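Below, each chain spelled out in residue letters.
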8 protein chains.
Amino acid sequence: MAADDEVLLDFARQGRTGLAEAVFCSGKRVEQLDVIASRVTGEQRPMLFTRLDAGTYDRLHEKYPALSDYDEASQTLAYRPAPMHESCAVAIVSGGSSDVPVSREASRTLAFYGHPSLVIDDVGVAGLWRLLERLPEISRHKVVIAVAGMDAALPTVLGGLIGAAMIAVPTSVGYGMVRGGETALQSLLVSCAPGVTVVNIDNGYGAACAAIRILNQVRD
Amino acid sequence: MAADDEVLLDFARQGRTGLAEAVFCSGKRVEQLDVIASRVTGEQRPMLFTRLDAGTYDRLHEKYPALSDYDEASQTLAYRPAPMHESCAVAIVSGGSSDVPVSREASRTLAFYGHPSLVIDDVGVAGLWRLLERLPEISRHKVVIAVAGMDAALPTVLGGLIGAAMIAVPTSVGYGMVRGGETALQSLLVSCAPGVTVVNIDNGYGAACAAIRILNQVRD
Amino acid sequence: MAADDEVLLDFARQGRTGLAEAVFCSGKRVEQLDVIASRVTGEQRPMLFTRLDAGTYDRLHEKYPALSDYDEASQTLAYRPAPMHESCAVAIVSGGSSDVPVSREASRTLAFYGHPSLVIDDVGVAGLWRLLERLPEISRHKVVIAVAGMDAALPTVLGGLIGAAMIAVPTSVGYGMVRGGETALQSLLVSCAPGVTVVNIDNGYGAACAAIRILNQVRD
Amino acid sequence: MAADDEVLLDFARQGRTGLAEAVFCSGKRVEQLDVIASRVTGEQRPMLFTRLDAGTYDRLHEKYPALSDYDEASQTLAYRPAPMHESCAVAIVSGGSSDVPVSREASRTLAFYGHPSLVIDDVGVAGLWRLLERLPEISRHKVVIAVAGMDAALPTVLGGLIGAAMIAVPTSVGYGMVRGGETALQSLLVSCAPGVTVVNIDNGYGAACAAIRILNQVRD
Amino acid sequence: MAADDEVLLDFARQGRTGLAEAVFCSGKRVEQLDVIASRVTGEQRPMLFTRLDAGTYDRLHEKYPALSDYDEASQTLAYRPAPMHESCAVAIVSGGSSDVPVSREASRTLAFYGHPSLVIDDVGVAGLWRLLERLPEISRHKVVIAVAGMDAALPTVLGGLIGAAMIAVPTSVGYGMVRGGETALQSLLVSCAPGVTVVNIDNGYGAACAAIRILNQVRD
Amino acid sequence: MAADDEVLLDFARQGRTGLAEAVFCSGKRVEQLDVIASRVTGEQRPMLFTRLDAGTYDRLHEKYPALSDYDEASQTLAYRPAPMHESCAVAIVSGGSSDVPVSREASRTLAFYGHPSLVIDDVGVAGLWRLLERLPEISRHKVVIAVAGMDAALPTVLGGLIGAAMIAVPTSVGYGMVRGGETALQSLLVSCAPGVTVVNIDNGYGAACAAIRILNQVRD
Amino acid sequence: MAADDEVLLDFARQGRTGLAEAVFCSGKRVEQLDVIASRVTGEQRPMLFTRLDAGTYDRLHEKYPALSDYDEASQTLAYRPAPMHESCAVAIVSGGSSDVPVSREASRTLAFYGHPSLVIDDVGVAGLWRLLERLPEISRHKVVIAVAGMDAALPTVLGGLIGAAMIAVPTSVGYGMVRGGETALQSLLVSCAPGVTVVNIDNGYGAACAAIRILNQVRD
Amino acid sequence: MAADDEVLLDFARQGRTGLAEAVFCSGKRVEQLDVIASRVTGEQRPMLFTRLDAGTYDRLHEKYPALSDYDEASQTLAYRPAPMHESCAVAIVSGGSSDVPVSREASRTLAFYGHPSLVIDDVGVAGLWRLLERLPEISRHKVVIAVAGMDAALPTVLGGLIGAAMIAVPTSVGYGMVRGGETALQSLLVSCAPGVTVVNIDNGYGAACAAIRILNQVRD
């Protein structure tokens, strides 16, 4: 059965890459998720579920009460997360209040793998002083995940001010030429600040994984 | 003859809109430009030529020595510009050294119509302090033309800091996802700073015309 | 709390740019809007809410009866708008009846900041005489906001006939190659009439802000 | 041999559709064109060559002096055109001087098939009165080919004023969001004036063929 | 009131162009349509409503029983159509059964203005003989409207076989690279058959208007 | 050295897939090609070079006279091709004379691997009878490679008439909405004829490889 | 009646191409499907229905109980499929669990025409060993249908390892730059593995038809 | 003078971000580069020049002989690079020989800032074993820069096999749907391997900067 295989393979991948596979729920039918949930809770295996809508969560939770650490804003469900590291090496900075679901997906993913993070929302550069006030705090972290939609100017400004490893996440909220986040994505890829890397639109999970890859090198 | 008509009609338009038609040269054959040059110099009519490459200028200048106020960086030729106003109401701010041709097209167009401008190049937000140092100077102007390519973050940052009328010009220089300026254009259209307006890619001339429309209202 | 910060920061921005930040509602959850509404009505602070659907408005209004100046066509809610200036310096001209929500968002935004405007709908250039009849009236204004969808020919025609500062707003209504307003937007950016500036698709709010930036210069 | 076949087949097509196939030169090597020229002049068969650059024409003309009716602006070569009809049923109207090559390709194609046409260039709607003055003249024709680039507003305005069959041709000249004529094309396809049809960018030949299809119906 | 103006202006346009304005319903609110319906039935003015969904029609019909000639497939409502001409000069040919709504919109529009048409559906070229069998019948008409989605090969094949005036309508049905009809549209614009003209995606109404422009010339 | 490795690896791939790797020349510098040519001729290893322009070929040929089987139309160079099979199982059919370079690249690739093919050019469906006359001949082959640009209607028509395995190759020649072959590509992907597969634009080499994969199955 | 014609014509096509036409349901109204179902069951003619949603199937099944072989995952309904061949010549390989509906549409289509297939899901190359373990099994088949979404790397890796005829199907599931499958499609078209052919996004039916065209040649 | 300012500001940025600004040459005129070269060599300041074509380099070198460390493949010029670290923490892996200029730009940038790197070219996944053989070597590095064009499958496969920090660089070489590298870019952004980050097309410099940001954290 496909879903079983998938769960089995996580552990092999974790060994190789340090990243257990998460379950991306939005393309899956409830029956597929049910098989996974049964397996995961039966074996008490840690697992992160992403893009899990509240309705589907409720159905899973009812059947598998152990699946209870759900966050609606980020649509994530964490089961048996890793113990938390002490030091906080990642700052997550976002531009506007509609970027919150993405910054939350990143912080929840980091937490699941045991990495605390500092989250600073709503410091878009159209109100520059909001960002500058928080700069000393931000620059104390080894990795900065910058979440920004619309014209995504935040990571460029930030990238010129700090030396941390920088991962930018474009977000999709907006209308017209926002184009579902493609404008923000393109803007980030041609950022004037050197060394800013980019992940897919709204991909807070991917940004957190990239951060973990870096932290795993730092801690070796 | 079409080219003649075109010259004739400038004066009607100027009466209606306050903006004489300029001659956009890049789509025109030398013979067409020759007819216009002959007519313009014969009647000593003021005229601005834009997107005129140096080679074609040399040929025109040889035949019509009165056509001599040429600027290669902006590819503009001015003939009998208007007398200059005293007060400088427009600041032109650009992000990088490759934006200079566009900011120069804007300042040359303004000058042709009699409007002085302050030009501040190379203050992109990836080096934020360069911009902040010039802020008091910039904010003394009624209209700010912000020229920016790549991710075009400059006008957003500026728009959140000053209250002037703001016209943003995206520029085309760069590679990959710069896409000939479309990324900058899209980014400007979804700017988080409210009230920033936009013109076509590399259109320094159009930005200057928009500024003049505003100044004409201010001075009425 | 993010939403609080946002409200707090409006006043700083207003000081710098002359434009208080409005609340763009479509990306926000009801709880976020509730916090803002509570804060705004508690402090009796002026605030404009845009893209607020009728259902959400009803919920807010029920809890905060002081929030009552709602306009469904433009999906705007104004609270404690500025006193109205006497002279009307802005004309808002639109091409078809489906452009009304956008022209109304512009006029409501202007009104919130104290600027009266003349609204002339349904004068698209496919029926040219409708526009020409209103031309003398339109040309008496310092700023003209031209709202147009489909092929967006209206601002080009208008821009060749009047000398006012011109801000064009493309609209999204239509099917096939209308492409959610991108055709209108592109068309406006390459308009043959010089000095026409453009804002994002359907962005009546942004056009009004751009007009206010201009008016603030005129009135200084 | 392919090129021979092609020449042979023209006559079959002409019988069926009333339109002899023309030779589109830009994709062909000189040797291919040489075979066609030899065949055409040998049999004294009428033929229209389009997109033939001046250099290649010179080489063909040298070898086949009978091929001499070349027009550089439109890059067309006509050999043994049909006798001209007396009445002029087609008006070709264009917006700017850079549209001339396309309007000329249309008029040369019509002439080759024996149809006179009235050509009116440089009446773009940014200078509306230029167009309105010529309106009575234009509206006396059964078919109007409207050639327009940039924002292509001309056919919309015209389509609301006259009842002729209307064929619009977008043109490619310009920069930035002109996008090689795609903006003009899209704009024409969503024109607010009903019953305006469109052909490919810069396709003056195709517009003329469409006009001939109509005229063939009128004259039956 | 905007909606009233719109109704008033129809008659002016009909005088100029021979085409009364129809009411495009999909962008309008029920109240706007109600005003128009009241006006139209009160004055017993002929009117065509397009893109009118069945639910809204039911509401209008209940209040204005005279509005009863509704066709659900094409979402058109005709009120007091013109008397029908005797001769049938237009053939409407479509490729697949999902093109029927568009071919029906075209035939209903033609009928409203008094033009009978022959409709031949489901003769796509992937089953070539279906088309070839109907060819003699099709080629007896002065204008052929070819409706085709997917790869839209039908109009190309047809355009090489008949000499009628040809108007092609791309349709939007399908998935993947069908891209809402853009593939069909592009394909038609570069058709190898000369003289095929194109209208917007799914625009059966526009194709009919273009046909009427032609027929008006034929019948003069 | 990278280029050496590349040559070495061909043989491994041939063992696995039955297809030796060819050398795609257009992205490579002359020095890289020189290393490969030296190696190939030294070991007398069969090799196909594609996208090799005539100038570079001349330089290689001068140094390595054994490299002499060059075809300019298709820009291919074959060295020590496989012995030819007797039976001809592939037909290559193209629509217009500008598709010849691509159909030739396919036939040359097939020949290099020992597969004869029948090439039929210039049978586009805008002249339908040209294609129908050749149909019996075409349908005797096991694989048909259909090469078509513009609207690419040929493979759809053909796919409805024959049962062979069908591989379609879109071509890039043309202007305007031809978009460098993307319109043809999209059109082929949504072809109404089922079971037509597609390769990249202008990729005659890839189509031949796909045909060989099929023939290898047939002959097992 | 169009729908009747369509059913009639299947048999002609089957004679010519070996592929009976299937009924693509998603664009059709229930009444159209009802006519087809009545005809098909009345004559006991084999028929495959694709893209038939469960709700519509239930209505058809209730009225025509003989229509009962429905598969919800692939949304296919098979009526009187062909007898199954003994040997299994096709492998269907997919990358992730969200590709299952497409791989199932392919296997169901093959089965309807009498071709067994081996289906191997969930062997995406991000977990490379999953694929490599199944390689010997896969490489025993004459045709491999590779179904892959996201970055669609599976068919490239596979194409470099096996010599079978390869048909790749891009799938649409995902968010952001997945772009409804266009990224996967583009990626497949430029695959580094030669001879991989491609069909439309999510087109499992088309891939199966292409496989059958090949198998028909193998078995002749 | 703008160019001077630019040089001055490098040092400020280096202090803040650990990355001195490099001089991107392709948009600059020779005179601008001359000013920078004079300044840099006069002050003996370290500087990296990127996208410097050989012709311009020759002119600079002639005037400033100290500028001599030029690499034509990557078009980079290094002046007074930092002393090299001992340990090699970065592996640069590329798929094909046309990716070499980009992988070289990355290694040259790293070297300029004192970071050795291991470069492994030509290990694309269409020949999977080439990559697998080098895997143990690759996985010993803290950061892997994966350079890949076409379908860019290499980083996905690699990302599933190793745990290093991964930065992917799409490249632009190829034709048709390669689209100047956009297909590779999109493909990388939706990679099935989690935690792979991406920079702009052909941006070897940017990838190196991102690696340095990471290494700076590791070494703190």
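Scroll up for the structure.
Because the structure is predicted, anything quoted here is derived from the model rather than measured. (Residues numbered from 1 in each chain as written. Chains lettered and ligands numbered in written order. Predicted model: local features only at pLDDT ≥ 70, side-chain atom pairs only at ≥ 80, totals over all residues. Heavy atoms only, no water.)

**Notes on the overall build of chain A**
Phase 1: Each helix and strand in chain A was counted, giving 8 helices and 9 strands.
Phase 2: A compact globule built from 220 residues would reach a C-alpha radius of gyration of about 17 Å, and chain A, at 18 Å, matches this within 12%.
Phase 3: The principal-axis extent of the C-alpha atoms belonging to chain A is close to 50 × 45 × 25 Å.
Phase 4: Burial status across chain A gives 65% buried among its 220 residues.
Phase 5: Carbon and sulfur atoms make up 50% of the accessible area of chain A, which amounts to about 7,000 Å² in all. (Helix = DSSP H or I, 4+ residues; strand = E, 2+ residues; numbered from the N terminus. Rg over C-alpha atoms; globule rule 2.2 N^0.38 Å. Buried < 20%, exposed > 50% of the residue type's maximum accessible area, 1.4 Å probe, protein only. Areas by Shrake-Rupley, 256 points an atom, 1.4 Å probe, with all protein chains shown as cover.)

**Overview of the relation of the copies chain A and chain H**
Phase 1: Of the two same-sequence chains, chain A is brought onto chain H (RMSD 0.0 Å, axial shift 0.0 Å) by a rotation of 180°. Here the two chains are linked by the operation of a two-fold rotation axis.
Phase 2: Mapped onto chain H, 100% of the interface residues of chain A are again interface residues, and the two copies thus contact each other with one and the same surface. (Least-squares fit on C-alpha atoms with pLDDT ≥ 70 in both. Contact = heavy atoms within 4.5 Å.)

**Topic: the environment of Asp151 of chain C**
Phase 1: Assignment of secondary structure puts Asp151 of chain C in the loop between strand 7 (143-148) and helix 6 (154-159).
Phase 2: Residue classification places Asp151 of chain C among the buried residues on the basis of a relative accessible area of 2%.
Phase 3: C-alpha of Asp151 of chain C to C-alpha of Ser187 of chain C: the two residues are 36 residues apart in sequence and 6.8 Å apart in space.
Phase 4: Ignoring anything within four residues of it in the chain, the contact list for Asp151 of chain C reads Ser187 of chain C together with Thr156, Ser187, Val190, Ser191 and Cys192 of chain D.
Phase 5: A polar side-chain atom of Asp151 of chain C sits 2.3 Å from a polar atom in the side chain of Thr156 of chain D.
Phase 6: In terms of polar contacts, Asp151 of chain C uses its side chain to reach the backbone amide nitrogen of Cys192 of chain D, at 3.4 Å. (Polar contact = N/O pair within 3.5 Å; in protein donor to acceptor, adjacent residues only side chain to side chain.)

**Some remarks on a negative patch on the surface**
Phase 1: Taken together, the side chains of Asp53, Asp58, Glu62 and Glu72 of chain A make up a negatively charged region of the molecular surface.
Phase 2: Note on placement: Glu62 of chain A falls in helix 3 (residues 54-63). (Patch = residues over 30% accessible without salt bridge, like charges linked within 9 Å, V, L, I, M, F, W, Y side chains within 5 Å. Salt bridge = Lys/Arg side-chain N within 4 Å of Asp/Glu carboxyl O. Lys, Arg positive; Asp, Glu negative; His and termini not counted. Charge placed at Lys NZ, Arg CZ, Asp CG, Glu CD.)

**Let's talk about the environment of Pro83 of chain A**
Residues and elements named next belong to chain A.
Phase 1: For Pro83, the location among the structural elements is in the loop between strand 4 (76-79) and strand 5 (90-94).
Phase 2: Given a relative accessible area of 71%, Pro83 falls into the exposed group.
Phase 3: In the structure, Pro83 is positioned 28 residues away from Ala111 in sequence and 8.6 Å away in space, judged by C-alpha atoms.

**Regarding unusual backbone geometry**
Residue and element names in this part refer to chain H.
Phase 1: At Asp122, a residue that is not glycine, the phi angle is positive and equals roughly 65°.
Phase 2: Structurally, Asp122 can be placed in the loop between strand 6 (117-120) and helix 5 (128-138).
Phase 3: Residue classification places Asp122 among the buried residues on the basis of a relative accessible area of 6%.
Phase 4: Its identity as a non-glycine residue notwithstanding, Asp202 has a phi of 65°, on the positive side.
Phase 5: Here Asp202 is to be found in the loop between strand 9 (196-198) and helix 8 (204-219).
Phase 6: For Asp202, a relative accessible area of 15% gives the class buried.

**Considerations on the sheet that holds strand 3 (residues 69-71) of chain H**
All names here are of chain H.
Phase 1: Read across the sheet, 4 strands follow the order 1-2-4-3 without closing on themselves; strand pairing throughout is mixed. In this open sheet, the two edge strands, each paired with only one partner strand, are strand 1 (23-24) and strand 3.
Phase 2: Looking at chain direction, strand 3 and strand 4 (residues 76-79) are connected through 3 bridges and run antiparallel. Opposite Asp71, over in strand 4, you have Thr76 as the bridge partner. (Pairing = 2+ DSSP bridges.)

**Points about the sheet that holds strand 3 (residues 69-71) of chain E**
All names here are of chain E.
Phase 1: Overall, mixed pairing links the 4 strands, which are arranged 1-2-4-3 in an open sheet. Across the chains shown, the open sheet's two edge strands, defined by having one partner strand only, are strand 1 (23-24) and strand 3.
Phase 2: Its contacts with the sheet place helix 4 (residues 100-112) against strand 2 (47-50), strand 3 and strand 4 (76-79), and it is angled at close to 5° to strand 4. (Axes fitted to C-alpha atoms, helices over the stretch in contact; angles between N-to-C directions.)

**Here's the deal with the interface of chain A and chain H**
For an interface, size is often stated in terms of accessible area lost upon the parts coming together.
Phase 1: With 35 residues of chain A at the interface, the matching set in chain H holds 35 residues.
Phase 2: Carbon and sulfur atoms make up 55% of the surface buried where chain A meets chain H, a total of about 2,800 Å² over both sides.
Phase 3: Counting the surface chain A buries against chain H, the share from its top three residues, Pro194, Arg213 and Gln217 of chain A, is 24%.
Phase 4: For the interface between chain A and chain H, the tally reads 0 salt bridges.
Phase 5: Here chain A and chain H share 13 residue pairs in polar contact (both at pLDDT 80 or more) between them.
Phase 6: Of all the secondary structure elements, the ones that give two or more residues to the side of chain A that touches chain H are helix 1 (2-17), strand 8 (165-170), helix 7 (182-189), strand 9 (196-198) and helix 8 (204-219) of chain A.
Phase 7: Here the side of chain A that touches chain H gets 8 residues from one element, more than from any other, and that element is helix 8 of chain A.
Phase 8: By residue class, the composition of the side of chain A that touches chain H is 20 nonpolar, 10 polar and 5 charged. (Buried area = accessible area lost by both parts, 1.4 Å probe. Nonpolar A, V, L, I, M, F, W, Y, C, P; charged D, E, K, R; others polar.)

**Remarks on the interface of chain D and chain F**
Phase 1: The partner chain F presents 12 residues to the 16 residues of chain D that form the contact.
Phase 2: For the chain D and chain F pair, buried surface summed over both sides reaches about 1,300 Å², with 53% attributable to carbon and sulfur atoms.
Phase 3: One salt bridge connects Arg179 of chain F with Glu182 of chain D, and the closest N-O pair in it is separated by 2.5 Å.
Phase 4: Inspection of the region where chain D meets chain F yields 4 residue pairs in polar contact (both at pLDDT 80 or more).
Phase 5: Sorting the residues of the side of chain D that touches chain F by element identifies helix 1 (2-17) and helix 7 (182-189) of chain D as the ones contributing at least two each.
Phase 6: Considering each element in turn, the side of chain D that touches chain F owes the most residues, 5 residues, to helix 1 of chain D.
Phase 7: In the side of chain D that touches chain F, the residues fall into 5 nonpolar, 4 polar and 7 charged.

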